[in-house]
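Observations on the model geometry
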2 protein chains.
Amino acid sequence: MQIQIQRAYFTEQLNDVLKAISNRTTLPILSGIKIEVSSDKLVLIGSNGEISIEITIPTEVDNEEILTVTEPGEAVLPARFFTDIVKKLDGDYVQLKSTDQFGIQVSGGKSNFVISGSNPDHYPLLPEVNNEESIKIAASVLKTIINETNFAVSSSETRPVLTGVNWQFFDESLHFTATDSHRLALRKLNDKENSIEISNAIIPGKALHELNKIIEDSEEDVEINFSQNQVLFKYGHLRFISRLLEGNYPDTSRLFPENFETKLVINNNEFLKAIDRVSLLALEGGNSAIKMTIDNSRVLLSSNSPEIGNVEEEVGALNLEGEPLQISFNSRYMMDALRAIPEEEVSIEFFGTMKPFTIQSSTSNDVVQLILPIRTY
Amino acid sequence: MQIQIQRAYFTEQLNDVLKAISNRTTLPILSGIKIEVSSDKLVLIGSNGEISIEITIPTEVDNEEILTVTEPGEAVLPARFFTDIVKKLDGDYVQLKSTDQFGIQVSGGKSNFVISGSNPDHYPLLPEVNNEESIKIAASVLKTIINETNFAVSSSETRPVLTGVNWQFFDESLHFTATDSHRLALRKLNDKENSIEISNAIIPGKALHELNKIIEDSEEDVEINFSQNQVLFKYGHLRFISRLLEGNYPDTSRLFPENFETKLVINNNEFLKAIDRVSLLALEGGNSAIKMTIDNSRVLLSSNSPEIGNVEEEVGALNLEGEPLQISFNSRYMMDALRAIPEEEVSIEFFGTMKPFTIQSSTSNDVVQLILPIRTY
């Protein structure tokens, strides 16, 4: 291999591929980054066995030559170490050249590194994902969906399916559900025709988290292909592959109650700040529970911790309907839910002190956040 | 106690006092912040037993009324919890009012906190420091001195005096020395008359580190008072007290060799970047040693780690005198030293492969950095 490549562009792509690479891997070669150079392109590959990222760098980007290939070849190099070198080198370009025994000479400015590599033939093949079952979602919409649901996946491995987001395919809509069994986030994408045969796919929350860091807030489409146990996201020069979670996702459709007993419409940001303040006392007392009392036209948040103190804050409702109510909930779940609704006004519907309550935009039901109350009475 | 105080200004002062307060304290009351209100001022006190900070807030700052005292009094409140509340409250002002049993009601906007406190009578008295032995140094100069020396103190407690900076008082100058026995930083403040009777004082590096975060880069004088085992820094409304380290600081004056064998003048920032690059390989190999070879008009940095690889980088010297040389040193010490010399050009003098070498500005000898080489030959 012998190439010259524009350093800034290369560094950016290396940083993206790093998101799939872990140093704590059971297969040592996976701590490396694979570089495949052919006559007209360079392909970077990184994988941790669960997520794989493949980025293709062409010779020209936006009519600017960024890659010159003198001799094709392959290499596997220590990923973080190699990326650090490219990042810190002097000059606009970096040169890579094979030495003997899988090593690569990395040069830029007046620096000359020779770094040892691994045998590229030992690097595992990426899973193949055919493109029979595929949909397209604009990158900006996909990012919104991830932001609105991903925080609610479970961080515990006791029920592995709950660590993923359940994608459900209906004839003219898609539903995205995440729950850790204490709260649930549901995002609906309506008027979205698709010809997908499978009924659902559970995508690991960790994979969506990394994908969200790489794709940009643009109108460009992401093509998403599903196979038996893998999902492939194609976005520009990027291919992002994740395994799917196996198992049955619980039926969450019956969780949503109808006919509220109490309904509160409130300013999202003001309510968020009030919860944040009141939760200070709860957190200092070692828990996250805060109490809400709704009574005639008055909404009162409060918390009380023996030996620490107590707090009360009245919040102004924009609208209030139904019965008086006392309910306790986890302040962090409430703040996560409010942050996941990108609207100024939210509508909160309660179905009694012991029943889950829902939070959604006051103008749309694309996103529904559901929280189970805490039993304190 | 009953007061009203401007929230933004109060938050800033609380944050400064927090720098002396630790949650890991053997005396539980020290995790609290003491508030003393008299008719015309509020005093905040925090201490971890080693460092104490006292800030006086007057009723007016820059002709603006910031404090209204309705009733004087004292309180000791959980420091971080209380500061978080004040920071997150709504509104421009916060109200404090004593409740029974050392508690305080904290109100702002529509929030009402009642937080439990401790008995202020149980809060320890701050050490007294008389002002017989005192000097004045402009805040900006004091900050520079700390930045140029403090990084070189020892982080190990095996020789406690080395965790401090040794301040030496001469008739017309002050010397500040820090060393961890592998490298040394010496800053001289010349033409500084002082009438201090003691010959030296060893100030803990940790105290200077916190002080540096509080004082601003201004021309305002800091008055520094020394007593038997305490030092007091007075700066505006701030009093910052630290204990002094006991014991004899080693005599470092004989460490500085004369008559260099090799002398190199080099661009500080270019050299720093080159060291940073070459050290990548050394660090990946698990150590910090890099090699420098000086030979006729050529300066070569290199590092070699079996199984990882090797690197060579030539650096351009601005001037080169004396004998050829091969020497190895810790790259981190070299980078720390270069960063601590705020000049474009540095002059490095070598006295042989096994002897300490010195780094200083090419135009001034106010700061001398000394590094012991690593034996690799």
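- Within an unreviewed UniProt entry, the label attached to chain A reads Beta sliding clamp, and the organism entered is Nosocomiicoccus massiliensis.
- Here is the UniProt Subcellular location (unreviewed entry) comment for chain A, exactly as written: "Cytoplasm".

1. Brief notes about the overall build of chain A
- Check the secondary structure of chain A and you find six helices and 28 strands.
- Taking the principal axes of its C-alpha atoms as reference, chain A extends roughly 80 × 50 × 40 Å.
- Per-residue burial for chain A yields a buried fraction of 53% across its 377 residues.
- Within the structure as shown, chain A displays about 17,500 Å² of accessible surface, and the carbon and sulfur contribution to it stands at 42%.

2. Considering the relation of the copies chain A and chain B
- After a rotation of 180° and a shift along the axis of 0.0 Å, chain A superposes on chain B with an RMSD of 0.0 Å. The symmetry that links the two subunits is that of a two-fold axis. Ranked by how close their C-alpha atoms come to the rotation axis, the residues of chain A are headed by A:R24, at 16 Å.
- When the interface residues of chain A are mapped onto chain B, 100% of them again fall at the interface, so both copies present the same face.

3. Considering the sheet that holds strand β8 (residues 73-78) of chain A
All names here are of chain A.
- Spatially, the eight strands line up as an open sheet ordered β8-β2-β3-β4-β19-β18-β17-β12, and their pairing is antiparallel. Strands at the two margins of the open sheet, each flanked by one partner only, are β8 and β12 (133-138). Going across the sheet, the axis of each strand differs from the next one's by a mean of 15°, ignoring polarity.
- Pairing analysis gives five bridges linking strand β4 (residues 51-58) to strand β19 (residues 238-243), with the strands arranged antiparallel. Residue pairing for β19: S52 is matched across the bridge by I241.
- Across the face of the sheet, helix α1 (residues 7-18) comes into contact with β2 (32-38), β3 (41-47) and β4 while running at roughly 165° to β4.

4. Some remarks on the packing of aromatic side chains
- All chains considered together, the criterion is met by 16 aromatic pairs over all chains.
- Considering the side-chain rings of A:F169 and A:F226, the 5.1 Å spacing of their centres and the 70° angle between planes classify their relative orientation as edge-to-face. Taken together, the residues A:F169 in strand β13 (residues 164-169) and A:F226 in strand β17 (residues 221-226) connect sequence positions 57 residues apart. As far as the burial class goes, A:F169 and A:F226 line up, both buried.
- Measuring from ring centre to ring centre gives 6.3 Å for B:W167 and B:F233, while their planes differ by 75°; the resulting arrangement is edge-to-face. With B:W167 in strand β13 (residues 164-169) and B:F233 in strand β18 (residues 230-235), this pair connects stretches of sequence that are 66 residues apart. B:F233 carries the same exposure label as B:W167, and that label is buried.
- Pairwise contacts between aromatic rings join A:W167, A:F169, A:F176, A:F226, A:F233 and A:F240 into one cluster.

5. Brief notes about the pattern of salt bridges
- Across all of its chains, the model carries 33 salt bridges over all chains by this definition.
- The partner of B:R183 in a salt bridge is B:D180, with the nearest N and O atoms 3.0 Å apart.
- Because the salt bridges share partners, they merge into one network encompassing A:D180, A:R183, A:R332 and A:D336.

6. Some words on the pairing of β3(A)
Residues and elements named next belong to chain A.
- Most of β3 is tucked away, with six of its seven residues classed as buried.
- As defined by bridge partners, β2 adjoins β3 across five bridges and the pair is classed as antiparallel. In the sheet register, I35 faces β3, and the bridge partner there is L44.
- Of the pairings in the sheet, the one linking β3 to β4 comprises seven bridges and is antiparallel in character.

7. Describing unusual backbone geometry
Residues and elements named next belong to chain B.
- Within the chain, F102 stands out as a residue other than glycine whose phi angle is a positive 65°.
- Phi is positive for N259, which is not a glycine, with a value near 55°.
- Secondary-structure assignment places N259 in the loop between β19 (238-243) and β20 (262-267).

8. Details of helix α6 (residues 331-339) of chain A
Residue and element names in this part refer to chain A.
- Burial analysis of α6 places seven of its nine residues in the buried class, which makes it a mostly covered element.
- Among the residues making up α6, those that are buried are S331, Y333, M334, M335, D336, A337 and L338.
- The residue sitting at the N-terminus of α6 and contributing the capping side-chain oxygen is N330; that oxygen lies 2.8 Å from the backbone nitrogen of R332.

9. What about the UniProt feature "domain: DNA polymerase III beta sliding clamp C-terminal" (unreviewed entry) in chain A?
- In the numbering used here, UniProt assigns the "domain: DNA polymerase III beta sliding clamp C-terminal" (unreviewed entry) feature to residues 254-375 of chain A.
- Secondary structure across residues 254-375 of chain A comprises 21% helix and 46% strand; the distance between its end C-alpha atoms is 21 Å.

10. Some points on the interface of chain A and chain B
- At the interface, 28 residues of chain A touch 29 residues of chain B.
- The contact between chain A and chain B buries some 2,400 Å² in all, and 54% of this surface belongs to carbon and sulfur atoms.
- Here B:D276 makes a salt bridge to A:K88, at a shortest N to O gap of 3.0 Å.
- At the boundary of chain A and chain B, one finds 16 residue pairs in polar contact (both at pLDDT 80 or more).

11. Notes on the UniProt feature "domain: DNA polymerase III beta sliding clamp central" (unreviewed entry) in chain A
- The sites that carry the UniProt feature "domain: DNA polymerase III beta sliding clamp central" (unreviewed entry) are, in the present numbering, residues 137-251 of chain A.
- Taken end to end, residues 137-251 of chain A is 18% helix and 40% strand, and its first and last C-alpha atoms sit 25 Å apart.

Calculation rules
- Residues numbered from 1 in each chain as written.
- Chains lettered and ligands numbered in written order.
- Predicted model: local features only at pLDDT ≥ 70, side-chain atom pairs only at ≥ 80, totals over all residues.
- Heavy atoms only, no water.
- UniProt positions renumbered as here; feature names shortened; annotations may be inferred.
- Helix = DSSP H or I, 4+ residues; strand = E, 2+ residues; numbered from the N terminus.
- Buried < 20%, exposed > 50% of the residue type's maximum accessible area, 1.4 Å probe, protein only.
- Areas by Shrake-Rupley, 256 points an atom, 1.4 Å probe, with all protein chains shown as cover.
- Least-squares fit on C-alpha atoms with pLDDT ≥ 70 in both.
- Contact = heavy atoms within 4.5 Å.
- Pairing = 2+ DSSP bridges.
- Axes fitted to C-alpha atoms, helices over the stretch in contact; angles between N-to-C directions.
- Phe/Tyr/Trp six-rings, centres within 6.5 Å; stacked < 30°, edge-to-face > 60°.
- Salt bridge = Lys/Arg side-chain N within 4 Å of Asp/Glu carboxyl O.
- Polar contact = N/O pair within 3.5 Å; in protein donor to acceptor, adjacent residues only side chain to side chain.
- Buried area = accessible area lost by both parts, 1.4 Å probe.

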